[in-house]
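Observations on the model geometry
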Amino acid sequence: MTTAVEEHPKVVAPAPEPSLAGYVAQFADVPSLLNAAEKTRDAGFKSFDCYVPFPVHGIDEAMGIKPSRLPFIVLGCAFAGATTAMALQYLTNAFDYQYIISGKPMFSIPADMPVTFELSVLFSAFGALLGMLALNNLPKFYNRIFFVDPFQKVTTDGFFLGIECEDPKFHKEDTAQFLKALNPVRVDECIDPNASTALPKLLAPLAIFLLIVGLIPLVLLARIRAMPKDVPRVEILTDMDFQPKLKSQRTSKMFTDGRGMRPIIAGTLARGDFYEDIPLSEGLEADASAEIDHSLLLPNAKNPDGTTVKLGDFAWVTEIPLDVNEELMARGEARYNIYCSVCHGKTGKGDGLVSQRAMALQKGTPGIGTWIKPITLYDQPIRDQAVGQIFNTITHGVRKMPGYASQIPVEDRWAIVLYVRALQKAGSATLDQLPEEEQKRLQADVQ
């Protein structure tokens, strides 16, 4: 048994026919147009407009145009923006996520004004733009009056007045007679072609295809940023995250020796580093400096025969080449606590925080680590060193201790030497070297 399917003919909607959309009257000059606009206004027409190639003063009054409602829209948007900003700041700062910052109140109108002002301006700008578009019925792809042939002169020397058929007083014959009575150059019918506004069928799938293709790069970037990687992520806006620069103690292909840091050029000094006073700048006797190979003053230096250089054999100064006073002592104590105490300890026993931490780590991982506890500053070998040799140690370093010449000025290095001498004396003094009152106090504590 078969069933016959009745086929219905496809209903094709009739094509819309052109219709009258209004009348357009062309006038010879501005006075004629203003006179026509006043008469049109007085006749009770509401849906009409004037078209001129340049601004004409008084045309608004002639047409009876009321003040724009756009300022009230902008004002309302400004209040909405201010209210939104205040509510947002109260919700985030005083209600949802209270966080005390320098004892400041959770909610303060003066502190919230910058954000409030900015959001008010933002909302006002959007209100002005969108309000203007709405009041002018924009966007509009075309205007029916563009189909009137003489209207093309509106951008050069044409003055036009158009009345649309939507006006309540519009009548096909009476309106045409009314416009002709205004003494225009000509009156033309404005015909709406009522052309189909449907989009081409191919446009929708083409738009979807282009949208998908356009999203592919964004999806790939999002995937690269979201997946775990062992290399830096792709940065769309790198700002200053990755800068071409040379880091300290790193290699570089820029120089032939492969080093990023440049060594000091032999025979040169940085600006401000020149001292004519040899004892002050080097810690050596003035007469001995010229005869010494200064490379032997560096840490772990070797003699030509391969033996270790004995720094104690050089002609070091034995007196600090500065005025020794309380101010220099205080300066030395402050610089020592900043640069030296982290390893040598506050009292010079070699028990600084860095040393304690390194020793603890090394004890937990035997066989790993090469940390050596700093020597006690008031051990006899150190106390026997001349002040010039101690100054040289601070300047160039010794064993694994780095030199501090680039960080500590010459005068401050001597101040540290003075404070080290004070620590040595305090750490190695005998009872008979103490003041009599201090001796009695210590003896009383022992008993």
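In this text the structure is predicted, and so the values were computed from the model without any measurement. (Residues numbered from 1 in each chain as written. Predicted model: local features only at pLDDT ≥ 70, side-chain atom pairs only at ≥ 80, totals over all residues. Heavy atoms only, no water.)

**So, the side chain of Arg413**
Following the sequence through the fold, Arg413 ends up in helix 14 (residues 410–428). A polar contact of 2.9 Å, which involves the side chain of Arg413, links it to the backbone oxygen of Ile408. With residues near it in sequence (within four places) discarded, Arg413 still touches Phe391, Ile394, Thr395, Ala405 and Ile408. (Helix = DSSP H or I, 4+ residues; strand = E, 2+ residues; numbered from the N terminus. Polar contact = N/O pair within 3.5 Å; in protein donor to acceptor, adjacent residues only side chain to side chain. Contact = heavy atoms within 4.5 Å.)

**Focus: the domain arrangement of the protein**
Along its sequence, the protein is organised into domain 1 (19–192) and domain 2 (280–441). Distance from the C-alpha centre of domain 1 to the C-alpha centre of domain 2: 84 Å. (Domains from an automatic or database assignment.)

**What to know about the pattern of salt bridges**
Oppositely charged side chains are able to pair whenever their charged atoms sit close together. What the rule picks out here adds up to 11 salt bridges. Two residues, Arg331 and Asp412, come together in a salt bridge whose shortest N-O distance is 2.8 Å. Pair noted here: Arg331 is in helix 9 (residues 326–339) and Asp412 is in helix 14, with a separation of 81 residues, a long-range link. Among the residues examined, Arg331 registers a relative accessible area of 36% and is labelled partly exposed. The buried category is assigned to Asp412, whose relative accessible area is 10%. Taken together, the salt bridges that share partners define one network made up of Arg144, Glu164, Glu166 and Asp192. (Salt bridge = Lys/Arg side-chain N within 4 Å of Asp/Glu carboxyl O. Buried < 20%, exposed > 50% of the residue type's maximum accessible area, 1.4 Å probe, protein only.)

**Quick look at the sheet that holds strand 3 (residues 159–164)**
Read across the open sheet, the 4 strands follow the order 2-3-1-4; overall the sheet is antiparallel. At either end of the open sheet lies a strand with only one pairing partner, and these are strand 2 (48–51) and strand 4 (186–192). Across the sheet, the axes of successive neighbouring strands diverge by a mean angle of 25°, strand direction being ignored. In this sheet, strand 3 lies alongside strand 2 in antiparallel orientation, the contact comprising 4 bridges. Bridging from a neighbouring strand, Asp49 pairs with Gly162 of strand 3. Lying on the sheet, helix 1 (residues 30–42) is in contact with strand 1 (19–27), strand 2 and strand 3; it crosses strand 3 at an angle near 20°. (Pairing = 2+ DSSP bridges. Axes fitted to C-alpha atoms, helices over the stretch in contact; angles between N-to-C directions.)

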